[in-house]
Amino acid sequence: DLDPGLDLPHGDFDDPATVENYQWLAMDDHGVGLICHLGTVPGDGTLWHTLSAVSLPTGEVYVAKAVGRPADTASAGTPLHGMRCEEPFATWRFHADAGFQPTDFTELGNGLLRDRPTVPVSVDVTFSVAGPIWNPAGSEHQPEWGAFHLEQAARVTGTVHVDGEAHHFDGLGFRDHSRGHRDLRNVEHSFWCNGVFPSGRTFASLQVTNRDGHTESRAAISDGGAFVDASIVETPAILHPDHRPIDIQVVLADADGTEHRIPGMVRGGATWSIVGGSEFCMGAAVDTPDAYLLPQSIIRWEWDGETGYGLADRCGLTSYFADLEVSP
């Protein structure tokens, strides 16, 4: 029943503080992981930051950043790498054809990425919706969730080429789309976890703690139909922006009080930073006090014996990670 135009990039907003963000991630059974994180610049709804990553099961991570205008009004990001809406709320295409920088979790988690020779990477995959829409309604305390925020599970198919080697991709993924005010310098830390499974079973969860101590949570579970509200019993651990610990767990309780323990293992991903409220950077800005560090882990989840994939976004201010006192 949603207006199809809501899923397309908006363009300029009347309010210059309003921005638009998309995030896409996926993994297949071979352990190839994909991330595409896109956000507009405050005051210019047609200028996009685009961060993309391809992670391989052998531990290599290839990342790229671009800032520019989209190829057309149905696209978010830049012609180098971004997303294009083929059918609203149904099909999107993740495309990339650019030089990506080779790195790994350790380097990304310990500082901003230094420039280096690039590797040719091309991605052409299609996200086809594989589940219902989740709308974790925000509040006046959490404007960074967006006045408009939707999430969906997807089946993801296509090809990925890294330095001339082809990977035929057939996996599962998740995506979100939000609009609103976004300045994470007021957030101390957050947990954002989701997972999708071949049976159609899906979970989604979000918990945000502000610097004043205010915490809000949202969670939901789907067995293939509409999402049903749930509550967060246990959030996953985080020790360092290099994605440690690798083994984590999310525990949700459904409306009947039944607890669902969902263990997972980090299999891919990348680390980004939001500096100055909106600028997306590659790596962890550990020397910037009010930077928001985003180790975005692609997780292989296990739920009642079924294997699925999704996100564990365990993020926080530089000061939050410094207080954890974990050495590299």
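These remarks concern the structure in this document. (Residues numbered from 1 in each chain as written. Predicted model: local features only at pLDDT ≥ 70, side-chain atom pairs only at ≥ 80, totals over all residues. Heavy atoms only, no water.)

What follows deals with the overall build of the protein chain. Looking only at helices and strands, one finds 2 helices and 19 strands in the protein chain. Taken along the three principal axes of its C-alpha coordinates, the protein chain extends 50 × 45 × 40 Å. Burial statistics for the protein chain: of 328 residues in total, 57% are counted as buried. Just so you have it, the protein chain exposes about 12,900 Å², and 49% of that area is on carbon and sulfur atoms. (Helix = DSSP H or I, 4+ residues; strand = E, 2+ residues; numbered from the N terminus. Buried < 20%, exposed > 50% of the residue type's maximum accessible area, 1.4 Å probe, protein only. Areas by Shrake-Rupley, 256 points an atom, 1.4 Å probe, with all protein chains shown as cover.)

Moving on to the packing of aromatic side chains. The geometry of an aromatic ring pair is captured by the separation of the ring centres together with the interplanar angle, meaning the angle of the planes. The tally for this structure, following the rule as stated, stands at 10 aromatic pairs. Ring plane angle 35° and centroid distance 5.9 Å describe the contact between Y22 and W48, whose orientation is recorded as tilted. Of the two residues, Y22 sits in strand 1 (residues 18–28) while W48 sits in strand 3 (residues 44–55), which places them 26 residues apart along the sequence. Judged by centre distance (5.6 Å) and plane angle (75°), the rings of Y320 and F321 are edge-to-face. For F321, a relative accessible area of 7% corresponds to the buried category. Taken together, Y22, W24, W48, W92 and F127 form an aromatic cluster joined through their ring pairs. When the ring centre of F148 is taken as origin, the NZ or CZ atom of R179, which lies over that ring, is 5.1 Å away. The ring of W303 carries the charged tip of R201 above its face, separated from the ring centre by 3.7 Å. (Phe/Tyr/Trp six-rings, centres within 6.5 Å; stacked < 30°, edge-to-face > 60°. Lys NZ or Arg CZ within 6 Å of the ring centre and 35° of its normal.)

Extensive coverage of strand 11 (residues 187–196) is indicated by the burial of 9 of its 10 residues. With 9 bridges joining them, strand 11 and strand 12 (residues 202–210) adopt antiparallel strand pairing. Of the residues in strand 12, the one forming a bridge with F191 is Q207. Following strand 11, the chain reverses through 5 residues before pairing antiparallel with strand 12; G200 in that reversal takes a positive phi of roughly 100°. Across 8 bridges, the pairing between strand 11 and strand 19 (residues 306–317) is antiparallel. Across the sheet, H189 pairs through a bridge with G316, a residue of strand 19. (Pairing = 2+ DSSP bridges.)

Between two cysteines, a covalent bond joining their sulfur atoms is known as a disulfide. A complete count under the given rule lists 0 disulfides for this structure. A disulfide-free cysteine, C36 has its sulfur positioned 14 Å from the sulfur of C85, the nearest such atom. By relative accessible area, C36 is classed as buried at 0%. (Disulfide = S-S within 2.5 Å.)

Next up on the list: the pattern of salt bridges. Scanning all chains against the criterion turns up 15 salt bridges. With a shortest N-O distance of 2.8 Å, E20 and R179 are connected by a salt bridge. Residue E20 is located in strand 1, and its partner R179 is located in strand 10 (residues 165–181); the two are separated by 159 residues in the primary sequence. Across this residue pair, the class does not change: E20 and R179 are buried. (Salt bridge = Lys/Arg side-chain N within 4 Å of Asp/Glu carboxyl O.)

Below, the discussion takes up the environment of L38. Mapped onto the secondary structure, L38 falls in strand 2 (residues 33–41). Take L38: its relative accessible area is 0%, and that puts it in the buried class. C-alpha separation for the pair L38 and A66, spaced 28 residues apart in sequence, amounts to 9.7 Å. The contact partners of L38, leaving out residues within four places of it in the chain, are E20, N21, Y22, W24, W48, H49, T50, A76, G77, G82 and M83. (Contact = heavy atoms within 4.5 Å.)

Bringing the side chain of Q296 into the picture now. Positionally, Q296 belongs in strand 18 (residues 292–303). Classification of Q296 as buried rests on a relative accessible area of 1%. Separated by 3.0 Å, the side chains of Q296 and W272 make a polar contact. A distance of 2.7 Å separates a polar atom in the side chain of Q296 from a polar atom in the side chain of D313. Not counting the four nearest positions on each side in its chain, Q296 is found in contact with Q23, I35, H37, H243, G268, G269, A270, W272, L311, A312 and D313. (Polar contact = N/O pair within 3.5 Å; in protein donor to acceptor, adjacent residues only side chain to side chain.)

We now examine the pairing of strand 4 (residues 61–68). When you tally the buried positions in strand 4, you get 6 out of 8 residues, the bulk of the element. Where strand 3 folds back onto strand 4 in an antiparallel hairpin, the turn is made up of 5 residues, including G59, whose phi is positive at roughly 105°. Where strand 4 lies against strand 7 (residues 91–103), 3 bridges are found, and the strand directions are antiparallel. Bridging from a neighbouring strand, V63 pairs with Q101 of strand 7.

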